[in-house]
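Coordinate analysis (summary)
What follows is each chain in one-letter form.
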Amino acid sequence: MNNHALRVYESMLGLLSGTDNPTPLVRLNRVAPFEHATIYAKLEWYNPFGSVKDRVAANLVRDAEDQGVLGSIKNLVEPTSGNTGMGLAMVANAKGYTLTAPLSSEIPLAKRTVLRFFGCDVIELEDTLCPAPGAPEGAIVMAQEIADKPDFHMLNQYENEANPGAHYLTTGPEIWKQTGGKVTHFVAGLGTCGTIGGTGRFLKEQNPSIKVLGVHPEDGHDIPGVRSIRQLSQTKLYRPKEYDQTIEVRNEDAYRLCLRLNREESLVAGPSSGMALTGALEMVSDEPGTVVVVIFPDNVFKYATSVRKHLPELFPPQQATPNADPSPGEALFGSMMAHARRSPDVIDAGAAEKILEENRALLIDVRSPKEFAERHVKGAINIPLGELDQEADLPADHDAPLITLCAVGQRSLVAMLVLKSIGYRNVKNVAGGLNAWVDAGLPT
């Protein structure tokens, strides 16, 4: 029998969170510049498998079992940005299921490695950091194709009401009980939107005056598990009318506050925690009686590569070892890519179409010939990325306007930088690539 008082359990699943076994609330004493308001971090890495997504993983499986979907079917498939996959892998291990996870190769190496270590069949793809529902290719489409096989089932965290349901059943009641009903503001990062949806709904039912606040990253972000406004528009669980306010946070600000949380509050928080708290401090007023709870989704240990990229001053070249991963050069390249994503030369699909309609640019698709043959934008020319610096078909005029395109905007971002290094002075890149083009309803 599970005993929370003695911390004795029949299996790891007994550690799953609930009102009798909540994840901790810890008051922030140094990084919050408030005199009157009280800010609490809810530390979700105290879930049994290390993140807030353990709640969702357990409820998705429980719901499928209750509906009779899982019985003879023992193979699960789920596109994931990492944490849901890790939670599902361990729940699957405990219950005798298998898990296949198509995911983006941009997800931190530590997460991809641990997923394999947990027994997950990982399929790495060139996809956006957070998979895009409805995109013509990528992790979600591959997962759906696998789920069409008779012996597989896709739980679908992006549409399944059991996702917010997990937080309605656990996270919301925990916060209400832990604060003695005094919570006035609830803040969460926006990813699949299950956390803010389920928790916010429960808290609003207890007290309609509680403010539910959402935080999202900038477009082209490098914070796994959360989505920019453009990405959120593709998620069925994104319901902005249920939130009292939302705010955008820059990569740099999220990583800087993440560093402060670790050094000043002794909280081993990851970058999405820094993002959520940055947004909270912007949206909440310092008033007596204000009690704020901010979701801290997971710890920093999975994000070493991202930390090296966004806080390069922590790793001076003279301290680099011969086997350092990444090398200073790689870290600098990562920083250059991050800056390039935020530059005005990265445009959305609509802006690119307008330029092309006016015949003011040459569209260069840098995918492979096979990818190009399957689907491409009319009028585009195909020059694979690896051949770009030696391609004779490029314009002789280095002032000629060029637009680069790939599947999701990653290879074409490199292509933009390569063309600039060759000497082309007027190069744009399509954010989100062909996926974003199709999502915008533009023709191919």
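Remember, it's a predicted structure, so these values are computed and weren't measured experimentally.

What to know about the side chain of Arg-227
Mapped onto the fold, Arg-227 is located in the loop between strand 8 (211–217) and helix 8 (229–232). Reaching out from Arg-227, the side chain makes a polar contact with the backbone oxygen of Gly-191 at a distance of 3.4 Å.

A word on the pattern of salt bridges
Once their charged atoms are close, side chains differing in charge can pair, the charge on each being opposite to the other. Taken as a whole and judged by the stated rule, the model has 24 salt bridges. For Arg-411, the salt bridge is made with Glu-371, and the minimal N-O distance between the two is 3.0 Å. On the criterion of sequence distance, the pair formed by Arg-411 in helix 15 (residues 411–422) and Glu-371 in helix 14 (residues 369–374) is long-range, its members being 40 residues apart. For Asp-399, the salt bridge is made with Arg-425, and the minimal N-O distance between the two is 2.8 Å. One end of the pair, Asp-399, is in the loop between strand 13 (381–382) and strand 14 (402–405); the other, Arg-425, is in the loop between helix 15 and strand 15 (427–430), with 26 residues separating them in the sequence. On the basis of relative accessibility, which here comes to 45%, the residue Asp-399 falls in the partly exposed class.

Notes on the environment of Leu-257
Topologically, Leu-257 is positioned in helix 9 (residues 251–264). The exposure class of Leu-257 is buried, given its relative accessible area of 8%. Sequence spacing of Leu-257 and Gly-270 is 13 residues, and the spatial spacing of their C-alpha atoms is 9.9 Å. Excluding residues that lie within four positions of it along the chain, Leu-257 makes contacts with Val-31, Gly-274, Leu-277, Thr-278 and Leu-281.

A short note on the sheet that holds strand 9 (residues 245–249)
As summarised here, the arrangement of the 6 strands in space is 1-2-10-7-8-9, forming an open sheet in which the pairing is mixed. The strands lining the two open edges of the sheet, one partner per strand, are strand 1 (25–27) and strand 9. Neighbour to neighbour, the strand axes of the sheet diverge by 25° on average, direction disregarded. Pairing of strand 1 with strand 2 (residues 38–43), which is carried by 3 bridges, proceeds in the antiparallel orientation. Considered in strand 2, the bridge of Val-26 is made with Ala-41.

Let's talk about unusual backbone geometry
Even without being glycine, Arg-7 reaches a positive phi, approximately 60°. Mapping Arg-7 onto the fold places it in the segment before strand 1. Here the phi dihedral of Cys-193 falls at roughly 80°; this positive angle occurs in a residue that is not glycine. One can find Cys-193 in the loop between strand 7 (185–189) and helix 7 (194–206).

A word on the sheet that holds strand 4 (residues 98–104)
Pairing within the open sheet is parallel, and its 4 strands lie in the order 5-4-3-6. Edge strands, defined here as strands with exactly one partner in the open sheet, are strand 5 (121–125) and strand 6 (152–154). Along the sheet, successive strands turn relative to each other by an average axial angle of 20°, direction set aside. Where strand 3 (residues 75–77) meets strand 6, 3 bridges bridge the pair, whose relative direction is parallel.

Re helix 7
In a regular helix each residue adds 1.5 Å, so 13 residues correspond to 18 Å; helix 7 covers 19 Å between its end C-alpha atoms and thus fits that length. All buried positions along helix 7 are accounted for by Gly-194, Thr-195, Ile-196, Gly-197, Gly-198, Thr-199, Gly-200, Phe-202 and Leu-203.

Observations regarding helix 2 (residues 83–95)
Taking 1.5 Å as the rise per residue, helix 2 with 13 residues should run 18 Å; its terminal C-alpha atoms sit 18 Å apart, in good agreement. Taken together, the buried positions of helix 2 are Asn-83, Thr-84, Gly-85, Met-86, Gly-87, Leu-88, Ala-89, Val-91 and Ala-92. For helix 2, the elements touching its buried residues are helix 1 (53–66), strand 3, strand 4 and helix 3 (109–117).

So, how was this worked out
Each chain carries its own residue numbering, running from 1 in the direction its sequence is written. Selection of residues for local features in this predicted model requires a pLDDT of at least 70, selection of side-chain atom pairs for listing and counting requires 80 or more, and totals for whole chains, interfaces and linings are taken over all residues. Only heavy atoms go into the side-chain values, all of them from the structure, while hydrogens and water stay out. Think of it this way: any DSSP run of H or I at least four residues long counts as a helix, any run of E at least two long counts as a strand, and we number them from the N terminus. Contacts described as polar in this section are N or O atom pairs within 3.5 Å, which, within protein, must combine one atom able to donate a hydrogen with one able to accept it, while residues neighboring in sequence count only if both atoms come from side chains. Within this document, salt bridges are pairs made up of a side-chain nitrogen of Lys or Arg and a carboxyl oxygen of Asp or Glu, the two lying within 4 Å of each other. Think of it in three bands: residues with accessible area under 20% of the maximum for their type are buried, residues over 50% are exposed, and the middle band is partly exposed, with areas taken using a 1.4 Å probe on protein chains only. Should any heavy atoms of two residues lie within 4.5 Å, those residues are counted as being in contact. The criterion for strand pairing is that DSSP finds at least two bridges linking the strands in question. For helices, the axis comes from a line fit to the C-alpha atoms of the stretch in contact; other axes are also lines fit to C-alpha atoms, and the angle between any two N-to-C directions lies between 0 and 180 degrees. Each helix should span, by expectation, one fewer than its residue count multiplied by 1.5 Å.

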